[in-house]
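What follows is the residue order along each chain.
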Amino acid sequence: MTASSPIWRVQDILYGRHDLWARLDIGCKGKRFQVEICPKNFVNSELSFTKYARFINDMFGHDWETTYNEFYDWIVPPFLPILAEIEAPPLDGQASTLRDYLNPETYYFQLHFIDEIMEPRCDYNARRTLREPGVDIGDFALHPSWGCFTPEMVQQCLNEGEYSYSNYPRKVCVDGKLCFLKDNYTKRGLLRELDTYKKMETKGLSNNAQVRVPQFIGVVYAAQDCRHVIGILISLVDCDNLTLSCALHDEVTISQRRKWEEQVTTTVELLHEADIIWGDVKPDNVLVDRNEDAWVIDFGGGYTPGWVAKEHMETMEGDRDGLSKIKDRIYSHHGSEVGRASQRDGTY
Ligand SMILES: Nc1ncnc2c1ncn2[C@@H]1O[C@H](COP(=O)(O)OP(=O)(O)OP(=O)(O)O)[C@@H](O)[C@H]1O
Ligand SMILES: [Mg+2]
């Protein structure tokens, strides 16, 4: 069994190792089922509790993805009869927005274990207080040409059969323009990315076609009059998640390789001339669009072992080292990866 089926998908999971508390957000037909589990829910169910505690512990281990999937396959089945009965919302022709994803209609449950039998129960006392999502950017001054949006202004681009609470919206539309919504930031990563794009604006690089970096469109605040940024909007690269790592397979012609080398190198050189450092240099941070053109992305910083040495993180030298490794990779006919953005190296 897999973690998702056509009718449900776990959108989010939170858990604590010390208090052995877990909360799952299960999406089904555009609605959210929030399921909480805690030690006091286990009554005369030592076997189940031991299994549960092992899962939580393993989630901190190396193979967390498999653990998540096995955990979901254990926890969700008692909810299936409830999920099956839920009616999908009528299609009213109204565009879904990011707000619909962030605040979907929600049902709250506690999962109890009584004599080793799982029992979902409605939770009428669930804590419904919403934490302000996003990262507080304090007094960071945005570039005056950037837009400021709230989740209501960001339209989702849904595929057939998808609901507003199906997948985190990444391909979105604001003011009639297709954008990529980048979220999930640390404060440091977000501020670095904002600052780097701002420098590109002030130094005139955002209008230079040789600088192959997406256009910065604006930020999405959690609400009006608030400084919590949920994500940034940049122009969408039509790449279907294809990164340079995945694009470099054995059949790529030498002229194509030269084009990618030239596009990435020129971009980095122009950034450096303007005193701007890329940061987390690696082929996973280069996208390849449908016209086989390369785009440099990800100014959130950090470094990835094997591409930039830790001591050269976010320095010109680090960029140069990483770039030279990218060039080696472009011209190597071995070790090409299969798939799309699936086997990424992790940034530190
Ligand atoms: N402008 C864009 N257009 C289309 N897709 C994009 C764009 N920017 C980023 N992406 C997609 O998002 C992925 C991650 O982007 P990025 O490298 O900027 O973020 P990250 O912080 O490294 O995230 P992750 O940890 O998920 O890699 C890319 O591999 C690509 O699939
Ligand atoms: Mg990245």
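Residues numbered from 1 in each chain as written. Chains lettered and ligands numbered in written order. Predicted model: local features only at pLDDT ≥ 70, side-chain atom pairs only at ≥ 80, totals over all residues. Heavy atoms only, no water.

A. View of the pattern of salt bridges. On inspection of all chains with the given rule, the structure shows 13 salt bridges. Among the salt bridges present, the one from Glu152 reaches Arg99, with a minimum N-O distance of 2.5 Å. Here Glu152, found in the loop between strand E8 (147-149) and strand E9 (155-156), pairs with Arg99, found in helix H4 (residues 98-102); they are 53 residues apart in sequence, far enough to count as distant. Asp195 serves as the salt-bridge partner of Lys199, at 3.7 Å between the closest nitrogen and oxygen. Residue Lys199 and its partner Asp195 are both found in helix H5 (residues 187-202); the two are separated by four residues, about one turn of the helix. A relative accessible area of 33% places Lys199 in the partly exposed class. Take Asp195: its relative accessible area is 29%, and that puts it in the partly exposed class. (Salt bridge = Lys/Arg side-chain N within 4 Å of Asp/Glu carboxyl O. Helix = DSSP H or I, 4+ residues; strand = E, 2+ residues; numbered from the N terminus. Buried < 20%, exposed > 50% of the residue type's maximum accessible area, 1.4 Å probe, protein only.)

B. The state of the cysteines, seen in detail. Taken as a whole and judged by the stated rule, the model has zero disulfides. Of the cysteine sulfurs around Cys28, a residue in no disulfide, the closest is that of Cys122, at 15 Å. (Disulfide = S-S within 2.5 Å.)

C. The arrangement of the packing of aromatic side chains in detail. Enumeration over the complete set of coordinates arrives at 21 aromatic pairs. Considering the side-chain rings of Phe42 and Tyr52, the 5.2 Å spacing of their centres and the 35° angle between planes classify their relative orientation as tilted. Residue Phe42 is located in strand E4 (residues 42-43), and its partner Tyr52 is located in helix H1 (residues 46-58); the two are separated by 10 residues in the primary sequence. With relative accessibility at 12%, the residue Phe42 sits in the buried group. On the accessibility criterion, Tyr52 (0% relative accessible area) is buried. For Arg17, the ring lying beneath its charged end belongs to Phe60, and the centroid distance is 4.3 Å. (Phe/Tyr/Trp six-rings, centres within 6.5 Å; stacked < 30°, edge-to-face > 60°. Lys NZ or Arg CZ within 6 Å of the ring centre and 35° of its normal.)

D. Spotlight on helix H8 (residues 316-331). The end-to-end C-alpha distance of H8, which contains 16 residues, comes to 23 Å, matching closely the 22 Å that a straight helix rising 1.5 Å per residue would cover. Looking at H8, one finds that the buried residues are Gly318, Asp319, Gly322, Leu323, Ile326, Arg329 and Ile330. Projected onto a plane normal to the axis of H8, the buried residues spread over an arc of 130° and lie on a single side. Projecting away from the buried face of H8 at angles above 90 degrees are the exposed residues Arg320 and Asp328. Packing partners of the buried residues in H8 comprise helix H6 (244-247), helix H7 (254-273) and strand E14 (286-288). (Expected span 1.5 Å × (residues − 1). Arc of directions from axis to C-beta. Contact = heavy atoms within 4.5 Å.)

E. View of the packing of H7 against H8. Direction vectors running N to C along H7 and H8 enclose 175°, while the axes themselves pass 10 Å from each other. The orientation of H7 relative to H8 falls into the category roughly antiparallel. Facing Ile254, Arg257, Arg258, Trp260, Glu261, Val264, Thr265, Val268 and His272 of H7, the residues of H8 in contact are Met316, Asp319, Arg320, Leu323, Lys327, Ile330 and Tyr331. Here the residues of the contact of H7 with H8 sort into eight nonpolar, two polar and six charged. (Axes fitted to C-alpha atoms, helices over the stretch in contact; angles between N-to-C directions. Parallel < 35°, antiparallel > 145°, perpendicular 65-115°, else oblique. Nonpolar A, V, L, I, M, F, W, Y, C, P; charged D, E, K, R; others polar.)

F. The site of ligand 1, seen in detail. Not every one of the 14 residues close to ligand 1 is listed here, only the nearest: Lys182, Ser235, Val237, Asn285 and Asp298. In the model, an oxygen atom of ligand 1 is placed 3.0 Å from a nitrogen or oxygen of the Asn241 side chain. Residue Asn285 places a side-chain N or O atom 3.0 Å away from an oxygen atom belonging to ligand 1. Contact with the protein chains hides 76% of the accessible area of ligand 1, taken as 610 Å² for the molecule alone. Elements supplying a minimum of two residues to the shell around ligand 1: strand E11 (177-182) and strand E13 (228-235). Across the shell around ligand 1, the residue classes break down as seven nonpolar, four polar and three charged. Each of domain 2 (135-235) and domain 3 (244-331) gives at least three residues to the shell around ligand 1. (Near = heavy atom within 4 Å. Polar contact = N/O pair within 3.5 Å; in protein donor to acceptor, adjacent residues only side chain to side chain. Areas by Shrake-Rupley, 256 points an atom, 1.4 Å probe, with all protein chains shown as cover. Domains from an automatic or database assignment.)

G. View of the coordination of the magnesium ion (ligand 2). Taken together, the protein ligands of the magnesium ion (ligand 2) are Asn285 (OD1) and Asp298 (OD), with distances of 2.1 to 2.3 Å. With Asn285 in the loop between H7 and E14 and Asp298 in the loop between strand E15 (294-296) and H8, the pair connects residues that are 13 residues apart, well separated along the chain. (Donors = N, O, S within 2.8 Å, 3.2 Å for Na, K, Ca; no water.)

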